[in-house]
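# Chain and residue survey
Single-letter residue listing:
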Amino acid sequence: MRAVSGAKRATPVQQPAAWTVDSGEYVVGLAARSDRVVVLGGTGILSVLEGATGRQLARGQLPGHGAQGLALHPVLDRVAVGCMDGHARVLDLEGRVLHALPAGKGWVQAVAWSGDGKLLATAAGRVVRTWTVDGSPVLESEPHAATVTALDWSPVKADLASATYGSVHLFRFGEGASAESLDWKGSLLSLAFSPDGKHLAAGTQECSVIFWKTASGRSAEMNGYPGKPLSLAWSPDGSLLATNGDATLCCWEFRGKGPEGTRPLLLEGHRAPATRVAWHPRKDLLVSGDRAGKLLFWTPRLRTRPIARAALGEDGVTAVSWDPAVTTLFAADGAGRVARWNIGAA
Amino acid sequence: MDSKNESKKMPVTVLTGFLGSGKTTLLNRILTEQHGQRIAVIENEFGEIGIDQALVINADEEVFEMNNGCICCTVRGDLIRILGTLLKRRDKFDRIIIETTGMADPGPVAQTFFVDEDISQEFALDGIITLVDSKHVAMHLGESDECLQQVAFADVLVLNKTDLVTPAELDALEASIRRINAVASVHRAVNSAVQLAAVLDVGGFDLSRALDRRPTFLEPEYPFEWAGRYQLGAEGAVLSLGAGPDPTMKVALLPAGGEDPLGRAAEQGVRLFSGKLPQVGKGGVVGAGAAVELELRGAGRKRFMLKPQQPGSHVLLAQHLPEEFDLRVEGSAAAAQEPVETRVFNPEHEHDETVGSVGIHLEGEIDSDRLNAWLRGLLKEKGNDIFRMKGILNIKGEDRRFVFQGVHMLFDGRPDRKWGKAPRASDLVFIGRNLDRAALSEGLRRCVR
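These numbers come from a predicted model, not from an experiment.

### Observations concerning the overall build of chain B
From N to C terminus, chain B includes 13 helices and 24 strands. A burial count over chain B gives 55% of its 449 residues as buried. Considering only intrachain contacts with a sequence separation of at least 6, the fraction spanning at least 24 residues in chain B is 76%.

### Some points on the overall build of chain A
A count of helical and extended segments in chain A gives 0 helices and 31 strands. Relative to the 2.2 N^0.38 estimate, which gives 20 Å for 346 residues, the radius of gyration of chain A is 19 Å and therefore close to what a compact globule would have. Referenced to the eigenvectors of the C-alpha coordinate spread, the extents of chain A come out at roughly 55 × 50 × 30 Å. A buried classification covers 59% of the 346 residues belonging to chain A. Partitioning the intrachain contacts of chain A with sequence separation of at least 6 by distance along the chain shows that 41% fall at a separation of at least 24. When the accessible area of chain A is evaluated, it comes to approximately 13600 Å², of which 51% is carbon and sulfur surface.

### A closer look at the sheet that holds strand β1 (residues 10-17) of chain B
All names here are of chain B. The strand order across the open sheet built from 7 strands is β3-β2-β6-β1-β7-β8-β9, with neighbouring strands paired in parallel fashion. Each end of this open sheet is capped by a strand with a single partner; those strands are β3 (55-59) and β9 (185-188). Taking the axes of each pair of neighbouring strands and ignoring which way they run, one obtains an average angle of 20 degrees across the sheet. Pairing analysis gives 4 bridges linking strand β2 (residues 39-44) to strand β6 (residues 95-99), with the strands arranged parallel. Bridge assignment links I42 to a residue of β6, and that residue is I98. Its contacts with the sheet put helix α3 (residues 106-115) on β1, β6 and β7 (123-133), and the angle it makes with β7 is roughly 165 degrees.

### Re helix α13 (residues 437-445) of chain B
Residues and elements named next belong to chain B. Along α13, the residues classified as buried are R437, L440, G443 and L444. Relative to the axis of α13, the buried residues are bounded by an arc of 135 degrees and lie together on one face. Against the buried residues of α13 lie β20 (355-362), α12 (368-382) and β24 (426-433). Structurally, the start of α13 carries an N-cap: the backbone nitrogen of A438 is 3.1 Å from a side-chain oxygen of D436.

### Some words on the pairing of strand β21 (residues 386-393) of chain B
Residue and element names in this part refer to chain B. Across the 8 residues of β21, 8 count as buried, placing the element largely inside the fold. Taken together, the 6 bridges between β21 and β24 define a ladder with antiparallel strand orientation. The residue of β24 that forms the bridge with M389 is F430. For β21 and strand β22 (residues 400-407), the ladder comprises 6 bridges, and the chain directions are antiparallel. Pairing of K390 across the sheet is with Q405, part of β22.

### Some points on the domain arrangement of chain B
Examined at the domain level, chain B breaks down into domain 1 (9-213), domain 2 (226-344) and domain 3 (355-445). Placing a centre on the C-alpha atoms of domain 2 of chain B and another on those of domain 3 of chain B gives a separation of 37 Å.

### Notes on the nonpolar core
Residues and elements named next belong to chain B. Counting residues in hydrophobic clusters, the biggest one holds 58 residues, and the most contacted among them are I42, L83, L86, I96 and F113. Residues within four places of L83 in sequence aside, it is in contact with I42, I96, F113, I119 and F123. Counting residues in hydrophobic clusters, the runner-up holds 24 residues, among them V251, L294, F304 and L316.

### Examining helix α1 (residues 23-32) of chain B
Residues and elements named next belong to chain B. Among the residues of α1, those classed as buried are K23, L26, L27, I30 and L31. Buried residues of α1, viewed axially, fall in a sector of 135 degrees; they line one side. Where α1 is buried, its residues touch β1, β2, β6, β7 and α8 (196-199).

### Re the sheet that holds strand β18 (residues 328-330) of chain B
Residue and element names in this part refer to chain B. Taken together, the 4 strands give an open sheet; going across it, the order is β14-β16-β11-β18, and neighbouring strands pair in mixed fashion. Edge positions in the open sheet fall to β14 (285-287) and β18, since each of these has one partner strand only. Direction aside, neighbouring strands of the sheet carry axes that sit 30 degrees apart on average. Here β14 pairs with strand β16 (residues 302-307) via 3 bridges, running parallel. Counted as the bridge partner of V285 is M305 from β16.

### Re the interface of chain B and chain A
Between chain B and chain A, the contact holds 24 residues from the first and 23 residues from the second. Carbon and sulfur atoms supply 53% of the area buried between chain B and chain A, which totals about 2100 Å² over both sides. Of all residues in chain B, the largest losses of buried area upon contact with chain A belong to R81, K88 and R89 of chain B, amounting jointly to 27% of the total for that side. At the surface where chain B touches chain A, the tally comes to 4 salt bridges. Ionic pairing is found between R126 of chain A and E62 of chain B, a salt bridge with its closest N-O pair at 3.7 Å.

### Side note on the packing of aromatic side chains
All told, the structure shown has 12 aromatic pairs over all chains when counted by the stated rule. Considering the side-chain rings of F297 of chain A and W322 of chain A, the 6.4 Å spacing of their centres and the 70 degrees angle between planes classify their relative orientation as edge-to-face. Residue F297 of chain A is located in strand β27 (residues 294-298), and its partner W322 of chain A is located in strand β29 (residues 317-323); the two are separated by 25 residues in the primary sequence. The two residues F297 of chain A and W322 of chain A agree in class, both being buried. When the ring of F404 of chain B is compared with that of F411 of chain B, the centres are 6.3 Å apart and the planes differ by 80 degrees; the resulting orientation is edge-to-face. The class of F404 of chain B is buried, set by a relative accessible area of 3%.

### Quick look at the environment of S47 of chain A
Residues and elements named next belong to chain A. Following the sequence through the fold, S47 ends up in strand β5 (residues 45-50). Spatially, the C-alpha atom of S47 lies 9.6 Å from that of L93, the residues being 46 residues apart in sequence. Non-local contacts of S47, meaning those with residues more than four positions away in its chain, are made with V37, V38, V39, A58 and R59.

### Structural notes on unusual backbone geometry
Working note: non-glycine residues mostly have negative phi, and peptide bonds are mostly trans. All names here are of chain B. Look at D201: it is not a glycine, yet its phi comes out positive at around 50 degrees. Structurally, D201 is set in the loop between α8 and α9 (207-213). You can call D201 partly exposed: its relative accessible area is 49%.

### Focus: the side chain of S192 of chain B
Residues and elements named next belong to chain B. Structurally, S192 is set in the loop between β9 and α8. Looking at S192, the relative accessible area reads 1%, which means it is buried. A polar contact is formed between the side chain of S192 and the backbone oxygen of G22, at a distance of 2.9 Å. In this structure, S192 is in contact with G22, T25, L26, R29, L131 and N160, ignoring residues within four places of it in sequence.

### Details of the packing of α12 of chain B against α13 of chain B
All names here are of chain B. Following both chains from N to C, one finds α12 and α13 inclined at 150 degrees, their axes separated by 9 Å at the closest point. It follows that α12 is roughly antiparallel to α13 by the angle criterion. On α13, the residues that touch L371, W374 and L378 of α12 are L440, G443 and L444. Residues belonging to the contact of α12 with α13 are distributed by class as follows: 5 nonpolar, 1 polar and no charged.

### Quick word on the pattern of salt bridges
Pairing of side chains with opposite charge becomes possible as their charged atoms draw close. All names here are of chain B. As enumerated under the stated definition, the model contains 44 salt bridges over all chains in all. The partner of R179 in a salt bridge is E225, with the nearest N and O atoms 3.0 Å apart. Remark: E225 occurs in the loop between α9 and β10 (226-232) and R179 occurs in helix α7 (residues 167-180); sequence separation between them is 46 residues. For R179, a relative accessible area of 27% translates into the label partly exposed. In this structure E225 comes out as buried when scored by relative accessible area, which is 5%.

How each quantity is defined
Residues numbered from 1 in each chain as written. Chains lettered and ligands numbered in written order. Predicted model: local features only at pLDDT ≥ 70, side-chain atom pairs only at ≥ 80, totals over all residues. Heavy atoms only, no water. Helix = DSSP H or I, 4+ residues; strand = E, 2+ residues; numbered from the N terminus. Buried < 20%, exposed > 50% of the residue type's maximum accessible area, 1.4 Å probe, protein only. Contact = heavy atoms within 4.5 Å. Rg over C-alpha atoms; globule rule 2.2 N^0.38 Å. Areas by Shrake-Rupley, 256 points an atom, 1.4 Å probe, with all protein chains shown as cover. Pairing = 2+ DSSP bridges. Axes fitted to C-alpha atoms, helices over the stretch in contact; angles between N-to-C directions. Arc of directions from axis to C-beta. Polar contact = N/O pair within 3.5 Å; in protein donor to acceptor, adjacent residues only side chain to side chain. Domains from an automatic or database assignment. Core = buried A, V, L, I, M, F, W, Y, C linked by side-chain atoms within 4.5 Å. Buried area = accessible area lost by both parts, 1.4 Å probe. Salt bridge = Lys/Arg side-chain N within 4 Å of Asp/Glu carboxyl O. Phe/Tyr/Trp six-rings, centres within 6.5 Å; stacked < 30°, edge-to-face > 60°. Parallel < 35°, antiparallel > 145°, perpendicular 65-115°, else oblique. Nonpolar A, V, L, I, M, F, W, Y, C, P; charged D, E, K, R; others polar.

Here you go:
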C-alpha cells in the first residue's frame, strides 16, 4: 500500500451532479464532446443531450431491435453504433445517420475507430470488417473460429485486435499488412491496448486478466478476481491498468518489470462490485462506478482511498464518459439515468 | 454477491429434441397462443420462424470449455453473451425460450445457468423440454448419445407424433423412456399440441410434483415391474403374451393372502425371482408358488397355462409391464379377465452402460458439512456420468426444506418453504449413466447424524 497524502481516511468529498435526466431505458453507451452527449439505449434508442444542461436535442430509434457498442470518433464529431440488424451505423452528433454499414450476419458485437480516425472496425458474428470514414469497405476478415467479442485498435500503430474464444487476432495494417494470433485457451471478452501499444490486456469469462507483450506474444494471466474483469482502463501514461471484477479495484503496475511479480494497487471504497472504470484521458484521475449506482473518484498514484464520491441512483452504473476538453464526467445507469459532474469545479 | 429472489429471475425454457421431433411446431404454438407473455427466442441458425411479435435471435451454438477444459464445465458462450445483452432490455420480455439444434447435448446449455454468476443471478432455468418423435425415437435412442442425453436431461418429455404409432407401441415407448428418466413429466401429443402450462412454468425444481406422478419411484427396487390379482377357478386360466422388447419374461403365480396381498406377494417374489429360473416354452404350465422364465421367441402370441393348487385369489408377478407384451389373462372361452387389483413396482436397474434414474428416500437429519463433502467427492469422481441431480433435503438445524439441483459436477441449492407439519425426510434423485444405487444410498445415509 502507498502512503496516503493529507489527512488519513479523510471522507471523500461528495460531488453533487450538475444535472440528472431520465433517458428512459438501460444505457449501453455514452459519448461526450463539443457540448453534446450521445446516449445509446439497449433497445436502440439514441438520444443527444446538450452537455451543459442535459436538455434533449434529438431522439430516435435505430433499426434492429437493439444496439450495443458506441464509439466516438477521435477527431470528427461522429459516433459509430453497433445495431442488432447486422449493420453498424455512423451518426453525427445531432443524431443523423450518415452511413449504414452491412457489418455481417447477426448482431454487431463491437465497433471501434482507429487511433488516427481513418478506419472504423466492426465485428458481427465471426467476421471483422473495416471501413473508411466515408463508409467504404476496406477489409473483410476470414471467419474467426468463434464469435468475435471485442475489438480494439493500438493507439500508436495501425494494429487492430479482435478477441474470440481461444485467441486474439492481430491485424497489422501498417507495413505489408499481416495477421497473427495470440492464443489463449479460454473465452476472451474485452480488450484494451496500452497507450504505447506495447501491451494488450483482455478480460476473460473465467475471471482473470491476460496480458500480452505485443512484440513477442509473451503472455501472463492475472487471477484472483471474484467476478469478470471486463472493464479495463489504462492510465494516460500507460503505467497502470485499472480493472473491475470486484468491489476492490485492482490496478496492475506496468512500471519496471510489472505486472508480473509486482503488487497491484488495490483501491478500496466501493461497497458493491464495480461495473465500470474509466481514466481521464490526460490526468491521473480515475472514476469507477458500481452495481449500487455509486461513483468514486481516485488519484491512484497518490492514494488508494477515493478523493471524491457521487451517487447516480440505485441501479448499476453501465456507462461512464469523460469529456476530454474539460474535467467533466457523464455517467449513466441501468434505469436510464444520465448525469453530469464538473469535477474541476469541486 | 447479491442474489435475486428466485421469483424475480427471468424464466428460461430450453427446447430440445431430435430433428423432426416437432420443436419448431411447438415453438410456433407457444408464440402464437394468447398467453399475454412477451417472449424472446434464442434459436439455432437452422430454425425457421417467422413470428412478428417475438424477438427471435439467431445463435451459433458455441460450446466453450471453462476451467482449463474440464468437460463438466462446458458452457454455451453464445448464450452468456446473448442473455447478458437481453438483460439490458429485460423489461421488454417476460420469458426466454432457447431452442437447441437436434444434435445438441443439453449439458452445456444447462451448465451455463450454473457456471456464470451474472447469468445465474438474473435467470432461472425453468425447465428443459424434450420432444420425442414417437415413431423414430427408439432407433435414435439406440444410436445416438445426444438423443439419450436429451431424454435424460428433460424436466418435461413430450411424446409427439403419437398418431404414427399404436397405443401398445406408445405404452412400451413411455415405459422405456421412464426407465431412463423417471422424474420428468410425460405428455403425449399429436402435432406438438400440448397445454402451454405443461411446458412453461415447469419449475424444474419441483421434485414433490415428480414424486406425486410416480409414487413408486423412490421405493426399493424389485426384480419385477408389475403385479395383478386374479380370481382363478380350479381349471386355472391362460396367460397370453404378444411380442415385446425382450425374448423372455420372468413371472410367478402366488396364492393371495393377508391384508395387502400384492405387497405380500412382492416380498415373496423378491426371493423367488433370485437365481436361475426354469424355462417354460409356449403352451407350458406356470404352477402356483414358483417363478419361471417364459420363452417368447418367435412370431405370434404365446399362451401358457396358469395352474393354481386351489381355486381362489392369486397374484401374478411379471418382470415387465403388461402393456409392453400386451399381457392378457384369459378365462374360459378365451374371454380376457380383468385383474381385481394391480400395482406397479420400481424395477431393478442393471448396472451396465445404460442411462437411468436412481431415487433415494432417507429419514433423519442431514449434516450439511458431510453432505457437501460427500457431493464434492462424488461429483469429482462421477460427475461425467451424473447428468442431473435433484433433491429436497432435510438439513439439520434448518426449519426450511433445502432444495437443490445439479448438472454434471455443478450444483446449486437454496432454502425453500418451511417444513411446517409435513414429515421431514430427504428425497434425492440422480439421472445418469452407470449409476450404483447401493453406493449412492450408502453415501447419503452417512450424511445423517
